[in-house]
Amino acid sequence: MIAEPIIGGHGFSVTLPATWEGRIYQRPTPSAAFSPRNRAAPGSNLADAGAGWLGEQTRPVLHLGNFALPADRGDYGSGAVETMGPQNTFIAILEFGRECLGTALYASVGLPRVSPEGFDPNALQRRIPGQAGCQFFFTEQSRPMCLYVVLGSGIDAPALSAQVNMVLDRIRVAAG
Amino acid sequence: MTAVVVIETVILLVLCVLVLGLLRSYATVLERLHRMDGGLDGDPVGSSVPAGGSHPTPGTARPLPFPTVNGVMAPPAVLPRDGVSDHDDWAPAHDVVGQGLAGDIISVRTVAVEHDTVILFLSSGCSGCAGFWEQLADRRGVAATGSTRLLVVTKSSDEESVGLLGALRPPGLDLIMSSSAWADYAVPGSPYVIVVDGPSGRVKGMGSGTSLSQVSGLMQQAYGDGASAPVLGPVNPGPGHRMSRSTTKPIVKPRSDTERETDVDTALLAAGIYPGHPSLYPTGSPSTTRPGAAR
């Protein structure tokens, strides 16, 4: 019997099921502006400046996946979803600023659950053949958030979405 | 006369005490050296597994998955159990939970996963780790590729210099600060390398060395060309270090070529142009697909 690790921080807590790993982080406030041009410049070290754009207010992010999450990932999983296999799933929950509270986009209350028919390749941040995604905006514990899910195979959405809901059941969000 | 005899007797007694103390300290040193050589408690010295050798000792230990070089601490031998498969002989592995350098909370699976994991236990301050950090920072340096994952684990932030680690950690390298992982794997010191067999969730190799390439070489020698051998390859699985499909042997290019091609790749990736992107093949369909497309 393998113990299920629990990770917690930044107001999130998750009990990870077997094969799932997770990361909770908040990017440091960027101290320098960057663009794709200087991002690709030889010798640039974005770790020092912080990824993002100058003046950005960073918020907590939770990433979960049943595959090896790479060290460098975008908030919406870029860098990770490209490595997914057909049976892999990626979940991102991103918090937004309190100015979003009460707005129509975040009117839905509570961490949503996904359904197979809700997944669409067009919902992906960037389309990758075979994959499908979905996105929800909601408010949980007075914290405006976004749930973004990517399935490795849209064809297997019924089985994979059930896994997603099983993991979502294990997420706890502390009051903001 | 009596006084002289008494003085000589006292001197003799003092010398005897000194000699006994020296013999005892000598025995302690020998015992510690014996343990460092991988000897088991209670075993005669001659029956221990020597450093640099991977031969089995009948009835006491199974062969080490890969040997360590002379002068480097050998991993403890694993006692076999009757009626179990080889994989059950390996020590159980542990998932790694810790913190990243930016305070992020990280949980990494090493057990019951499809891929193997090479865990490098390093420190920001140890002199023996310099070779590892240097190779990891080099664009042509080695890291896990294919189905093998590379993970650098240091002690927790209260026992490490986070600032120094931040300077040492190259971009893209998975680094976790976790003293509990050091305890789980009973790491004797840094640098130390542990190879975890993902499907069985057991440790199939451990040891030390002076650089990543040296450890990689030892593992390659020990595993041969077997499919289960963890293959250490390039950080950037791009143009600089393609793996030959027929031999899984890395093709190493000159550093300037590698860096130039990596720069071009980085610029293309930043612009969202992956292998197989239509703009790369204006006259026909690509023969390759980008990652994740082969399904």
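Scroll up to find the structure this text is about.
Just so we're clear, the structure is a prediction, and the values are computed from it rather than from any experiment.

Participant: Which residues make up the overall build of chain A, and what values go with them?
Facilitator: Summing up its helical and strand segments, chain A has three helices and eight strands in all. Evaluated residue by residue, chain A yields a buried proportion of 48% over its 176 residues. Considering only intrachain contacts with a sequence separation of at least 6, the fraction spanning at least 24 residues in chain A is 63%. Here chain A has roughly 8000 Å² of accessible surface; of this, 55% comes from carbon and sulfur atoms.

Participant: Before we move on, could you go through the nonpolar core and cite the residues and values that matter?
Facilitator: The tendency in soluble globular proteins is for nonpolar side chains to be buried as a group. Residue and element names in this part refer to chain A. L62, L64, I91, I93, L147, V149 and I171 are the most contacted members of the largest nonpolar core, which totals 28 residues. If you list the elements that add at least two residues to this core, you get β2 (12–15), β4 (61–65), β5 (89–95), β6 (132–140), β7 (143–151), α3 (157–168) and β8 (171–173). Here I91 is in contact with W20, L62, H63, L64, L147, Y148, V149, V164, V167 and L168, once residues within four sequence places are set aside.

Participant: Now, about the side chain of B:E160: what can you tell me, with residues and values included?
Facilitator: Residues and elements named next belong to chain B. Relative to the assigned elements, E160 resides in the loop between β5 (148–154) and α4 (162–168). There is no salt bridge for the buried E160, and the closest opposite charge comes from K155, which lies 8.0 Å off by N-O distance. A distance of 2.5 Å separates the side chain of E160 from the side chain of S124, its partner in a polar contact. For E160, the contacting residues outside a window of four places in its chain are L122, S123, S124, T154, K155 and L165.

Participant: An account of the interface of chain A and chain B is needed here, citing residue identities and associated values.
Facilitator: Listed by partner, the interface residues are 34 residues for chain A and 29 residues for chain B. Summed over the shared surface of chain A and chain B, the result is three salt bridges. Put simply, A:E21 and B:R149 hold a salt bridge, and the shortest N to O gap is 2.7 Å. For the pair chain A and chain B, the interface holds ten residue pairs in polar contact (both at pLDDT 80 or more). Those elements giving two or more residues to the side of chain A that touches chain B turn out to be β1 (6–9) and β3 (21–25) of chain A. With five residues, β3(A) is the single largest residue contributor to the side of chain A that touches chain B. For the side of chain A that touches chain B, the class distribution of residues is 20 nonpolar, eight polar and six charged. Strand direction decides the pairing type here: β3(A) and strand β2 (residues 105–108) of chain B, joined by three bridges, are antiparallel. Looking across to β2(B), one finds that A:R23 is bridged to B:I106.

Participant: Please give an account of the state of the cysteines that cites residues and values.
Facilitator: A full pass over the atoms with the stated rule returns one disulfide over all chains. Covalent S-S linkage joins B:C126 and B:C129, the inter-sulfur distance amounting to 1.9 Å. In this structure the cystine formed by B:C126 and B:C129 twists about its S-S bond by roughly 115°; its chirality is therefore right-handed. Accessibility classification places B:C126 together with B:C129 in one group, the buried group. Take A:C134: it sits in no disulfide, and the sulfur closest to it among the cysteines is that of A:C146, at 9.5 Å. On the basis of relative accessibility, which here comes to 3%, the residue A:C134 falls in the buried class.

Participant: Break down the sheet that holds β1(A) for me, citing the residues and quoting the values.
Facilitator: Hydrogen bonds between backbone groups are what pair the strands of a sheet, and the pairing can be parallel or antiparallel. All names here are of chain A. Taking strand neighbours across the sheet as the criterion, the three strands line up as β1-β2-β8 in an open arrangement whose pairing is antiparallel. Either end of the sheet is taken by a strand with one partner, and the two such strands are β1 and β8. Each adjacent strand pair in this sheet contributes to an overall mean axis angle of 10°, direction not counted. The sheet contact formed by β1 and β2 spans four bridges and is antiparallel. Residue pairing across strands places I7 opposite V14, the latter belonging to β2.

What counts as what
- Residues numbered from 1 in each chain as written.
- Chains lettered and ligands numbered in written order.
- Predicted model: local features only at pLDDT ≥ 70, side-chain atom pairs only at ≥ 80, totals over all residues.
- Heavy atoms only, no water.
- Helix = DSSP H or I, 4+ residues; strand = E, 2+ residues; numbered from the N terminus.
- Buried < 20%, exposed > 50% of the residue type's maximum accessible area, 1.4 Å probe, protein only.
- Contact = heavy atoms within 4.5 Å.
- Areas by Shrake-Rupley, 256 points an atom, 1.4 Å probe, with all protein chains shown as cover.
- Core = buried A, V, L, I, M, F, W, Y, C linked by side-chain atoms within 4.5 Å.
- Lys, Arg positive; Asp, Glu negative; His and termini not counted.
- Salt bridge = Lys/Arg side-chain N within 4 Å of Asp/Glu carboxyl O.
- Polar contact = N/O pair within 3.5 Å; in protein donor to acceptor, adjacent residues only side chain to side chain.
- Nonpolar A, V, L, I, M, F, W, Y, C, P; charged D, E, K, R; others polar.
- Pairing = 2+ DSSP bridges.
- Disulfide = S-S within 2.5 Å.
- Axes fitted to C-alpha atoms, helices over the stretch in contact; angles between N-to-C directions.

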